[in-house]
Amino acid sequence: GALSVPPPGCPEAPALSRHLRRSPHPRRPRLSRPHAAKPSHLRKAYTFRARSLACFPFLLVPNFASRDALSPFHWISVSRPDAQGGQLDKAYQIFKRMPVKDLVSWNSMIAGAARSSHLKDAMNLFSRLVNSGLVPDGFSFSSVLSACARAGARCYGMWVHQLMDELGVEKNHLLISALVDMYAKCGRIDVSVEIFNNIKRLHLSTWNTMISNLAGHGLGSDVVMLFHRMELSGVVPDGVTFVALLTACSHCGMVEEARQYFETMSTKYSITPKVEHYGAMVDTLSRAGLLDEAYNLVRSMAVKPDAVIWRALLSACRRYHQTKLGDVTIEQIACQGSGDYTLLSNIYSSINRWDDSEEVWKEMKKKKVRKIKGLSWVELGGSTHEFKAGDRSHPDSDDIYRVLHGLLKKAKAEGYTPSTELVTKDVSQEEREENLSFHSEKLAVAYSVLKTGPGTEILVSKNLQACGDCHEWMKIISKALCRVIIMRDRVRFHRFESGCCSCKDYW
Ligand SMILES: [Zn+2]
Ligand SMILES: [Zn+2]
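Cut-offs used in this document
- Residues numbered from 1 in each chain as written.
- Chains lettered and ligands numbered in written order.
- Predicted model: local features only at pLDDT ≥ 70, side-chain atom pairs only at ≥ 80, totals over all residues.
- Helix = DSSP H or I, 4+ residues; strand = E, 2+ residues; numbered from the N terminus.
- Buried ≥ 20, exposed ≤ 12 C-beta atoms within 10 Å, placed from the backbone.
- UniProt positions renumbered as here; feature names shortened; annotations may be inferred.
- Pairing = 2+ DSSP bridges.
- Right-handed = clockwise from strand over helix to strand, strands pointing away.
- Core = buried A, V, L, I, M, F, W, Y, C linked by C-beta atoms within 7 Å.
- Contact = placed C-beta atoms within 7 Å.
- Axes fitted to C-alpha atoms, helices over the stretch in contact; angles between N-to-C directions.
- Parallel < 35°, antiparallel > 145°, perpendicular 65-115°, else oblique.
- Left-handed = near helix turned anticlockwise from the far one by under 90°.
- Nonpolar A, V, L, I, M, F, W, Y, C, P; charged D, E, K, R; others polar.
- Expected span 1.5 Å × (residues − 1).
- Arc of directions from axis to C-beta.

- Named according to an unreviewed UniProt entry, the protein chain is DYW domain-containing protein originating from Aegilops tauschii subsp. strangulata.

This is the structure we're talking about:
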């Protein structure tokens with residue numbers, strides 16, 4: 001099977017195929033290996049498999065532990081994301097020693113790696129699965145596509161898409177949503193829209209994926225139009241749809257639309273607002289400076305406000321210099337015991353309450369609170385590179401730091417001053433402790449500058465929000481280098497060009 005047919009709606013595909021032939025990673029599948037099934041036979045078997053998988057109800061459940069109950073790896077699937085690196089290692093040790101690795105064990109490993117943010121490992125395992133002669137199934141494809149989406153690994157994701165087409169994989173709604181999500185998160189929202197538009201009967205989850213990705217790109221009016229189309233098509237929106245709609249409103253400053261959606265949600269569709277809906281609504285109002293309305297909404301909530309809501313409110317209090325309400329917010333974060341210790345500690349140190357800040361850290365250590373590591377990824381030269389704050393593990397580390405120092409100097413000459421205002425962002429512990437200059441997204445940008453020619457667009461993906469300093473720095477660097485830098489963080493896309501960001505500095 002040659003990978004010569006470009007996937008539909010994928011203008012870069014022919015060039016990609018050439019690139020794949022040269023590059024050792026990602027590898028082409030070796031379907032013609034002597035012990036592997038003949039491609040035609042294989043395709044038939046595959047279609048059958050895909051069909052039967054589509055019937056399994058647990059495919060709809062993100063945690064498909066039930067299927068893996070017999071596998072030694074079932075506990076990877078049930079483990080929480082972003083936390084269980086150690087468990088993954090243990091699983092890999094068992095996996096390595098297995099004389100016969102069946103598809104279920106491969107899938108558990110890939111899904112486990114993707115869930116625990118070992119995105120490079122997920123992709124490498126998928127390549128190895130393909131090279132082993134086994135045929136990946138719906139599970140393998142949806143896991144690896146989610147890893148590509150989160151790492152922003154566009155080339156690898158396109159290869160996976162080509163492979164699906166080549167194997168004649170029947171695309172159920174989960175795989176379609178995974179593809180739409182992957183292209184959008186890798187900066188190709190145009191391809192996502194094209195895939196989406198070519199599907200005749202769209203499933204609710206695919207509508208939701210499309211709406212939330214348009215929101216992430218800050219395309220508010222497209223979201224409004226798409227939702228209208230969804231209502232006309234007769235698909236009934238659910239709670240997830242409204243989270244996406246309200247998020248779009250907050251990113252685009254659409255206060256009136258947000259009020260309407262919030263109202264429609266319960267009156268027309270009988271959906272009780274959950275904490276996420278309130279969160280997006282509070283965020284929309286706060287950003288627009290409507291702090292009284294936002295605070296009243298918080299007080300009227302039927303559910304307990306979480307740290308995200310208070311953070312949105314606090315962020316706006318700072319922006320609009322509302323110190324009084326800001327203090328109320330801080331007390332709320334402190335007394336509700338949300339477990340958001342890093343945030344609280346950052347807040348205390350930012351207002352010089354050092355003793356309180358110290359107390360929070362002690363509490364956190366005592367309770368052994370699990371923290372999510374801040375990671376950034378960039379895809380270059382056919383593989384994905386991962387960075388954490390102050391990372392020196394990359395083989396090109398010396399060159400990366402040399403470039404980074406040069407960029408810092410350049411930025412300073414353009415008027416950049418490092419700012420330690422980390423407070424209302426979900427900055428990780430490592431990032432808090434590490435020198436600001438060596439945050440993971442700065443290292444990823446330095447590596448891209450090192451490896452690409454002038455003018456090339458830079459795409460960095462991050463698992464948390466960027467801190468204010470990195471955001472400011474990227475703006476200045478985009479101007480100094482005359483380059484477009486795109487950074488996708490946990491919440492949205494930031495497009496830095498000529499010293500400005502598409503989020504208009506409010507994220
Ligand atoms: Zn930073
Ligand atoms: Zn921005």
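1. Here we look at the overall build of the protein chain
Working step 1: Counting secondary structure elements, the protein chain contains 24 helices and 6 strands.
Working step 2: In the protein chain, which comprises 507 residues, the proportion classed as buried is 46%.

2. Brief notes about the UniProt feature "repeat: PPR" (unreviewed entry) in the protein chain
Working step 1: UniProt feature "repeat: PPR" (unreviewed entry): in the numbering of this structure it lies at residues 102–136, 203–237 and 238–268.
Working step 2: In this annotation, residues 203–237 is assigned 77% helix and 0% strand; the end-to-end C-alpha distance for the span is 11 Å.
Working step 3: The span residues 238–268 shows a helical share of 87% and a strand share of 0%, and its end C-alpha atoms are spaced 11 Å apart.

3. Some thoughts on the sheet that holds strand β4 (residues 485–488)
Working step 1: Within the open sheet, the 6 strands sit side by side as β2-β1-β3-β4-β5-β6. Their pairing is mixed. Strands at the two margins of the open sheet, each flanked by one partner only, are β2 (383–388) and β6 (500–501).

4. Remarks on the pairing of strand β3 (residues 458–462)
Within a regular strand, side chains alternate between the sheet's two faces.
Working step 1: Judged by how many residues are buried, β3 sits mostly within the fold: 5 of 5 residues are covered.
Working step 2: Neither face of β3 is exposed, since Ile 458, Val 460 and Lys 462 on one face and Leu 459 and Ser 461 on the opposite face are all buried.
Working step 3: Taken together, the 2 bridges between strand β1 (residues 375–380) and β3 define a ladder with antiparallel strand orientation. Along β3, the bridge assignment pairs Ser 376 with Lys 462.
Working step 4: In this sheet, β4 lies alongside β3 in parallel orientation, the contact comprising 4 bridges. Its bridge partner lying in β4, Ile 458 is registered against Ile 485.
Working step 5: Remark: the β3/helix α24 (residues 468–481)/β4 crossover connection has right-handed handedness.

5. Regarding the nonpolar core
Working step 1: Counting residues in each nonpolar core, the largest one holds 127 residues, and the members touching the most others are Cys 148 and Leu 313.
Working step 2: Beyond its immediate sequence surroundings of up to four residues, Cys 148 is in contact with Met 123, Ala 153, Tyr 156, Gly 157, Val 160, Met 182 and Cys 186.

6. So, the environment of Glu 263
Working step 1: Tracing the chain through its elements places Glu 263 in helix α14 (residues 255–267).
Working step 2: Residue Glu 263 is classed as exposed on the basis of its 10 C-beta neighbours within 10 Å.
Working step 3: Taking the C-alpha atoms as reference points, Glu 263 and Pro 273, 10 residues apart in sequence, are found 9.7 Å from one another.

7. Topic: unusual backbone geometry
Working step 1: In the Ramachandran plot, Ser 117 falls in the positive-phi region, its phi being about 65° despite a non-glycine side chain.
Working step 2: Relative to the assigned elements, Ser 117 resides in the loop between α5 (103–115) and α6 (119–131).
Working step 3: Even without glycine at this site, Ser 498 takes up a positive phi of about 45°.

8. Overview of the pairing of β4
Working step 1: Burial along β4 is two-sided: the face carrying Ile 485 and Met 487 and the face carrying Ile 486 and Arg 488 are both buried.
Working step 2: With 4 bridges connecting them, β4 and strand β5 (residues 493–497) associate as antiparallel partners. Bridge pairing in β5 places Arg 488 opposite Phe 493.
Working step 3: In this structure, the hairpin formed by β4 and β5 is closed by a connection of 4 residues.

9. A closer look at the packing of helix α13 (residues 239–252) against α14
If you want to describe how two helices pack, look at the angle between their axes and the distance between the axes.
Working step 1: Between α13 and α14, whose axes approach to 9 Å, the crossing angle comes to 165°. When the axes of α13 and α14 are compared, the pair comes out roughly antiparallel. Once α13 is placed against α14, the crossing between them reads as left-handed. Mapping the contact onto sequence places Phe 242, Leu 245, Leu 246 and Cys 249 in α13 and Glu 257, Ala 258, Tyr 261, Phe 262 and Met 265 in α14.
Working step 2: Here the residues of the contact of α13 with α14 are counted per class, giving 8 nonpolar, no polar and 1 charged.

10. As for the packing of helix α21 (residues 397–413) against α24
Working step 1: α24 packs onto α21 with a crossing angle of 90° between their chain directions and a minimal axis gap of 9 Å. When the interaxial angle is binned, α21 and α24 end up roughly perpendicular. Contacts between α21 and α24 involve Leu 407, Lys 410 and Ala 411 from the former and Trp 473, Ile 476, Ile 477 and Ala 480 from the latter.
Working step 2: Classifying every residue of the contact of α21 with α24 gives 6 nonpolar, no polar and 1 charged.

11. Here we look at helix α12 (residues 220–233)
Working step 1: Between its terminal C-alpha atoms α12 stretches 20 Å, which fits the 20 Å expected from 14 residues at 1.5 Å a residue.
Working step 2: Among the residues of α12, Val 223, Val 224, Leu 226, Phe 227 and Met 230 are the ones counted as buried. All buried residues of α12 fall inside an arc of 165° around its axis, so they share one side. Residues of α12 that are exposed and point more than 90 degrees away from the buried face comprise Ser 221, Met 225, His 228, Arg 229, Leu 232 and Ser 233.
Working step 3: Where α12 is buried, its residues meet α11 (204–216), α13 and α14.
Working step 4: Note on α12: the residue one or two positions beyond its end, Gly 234, has a positive phi of about 90°.

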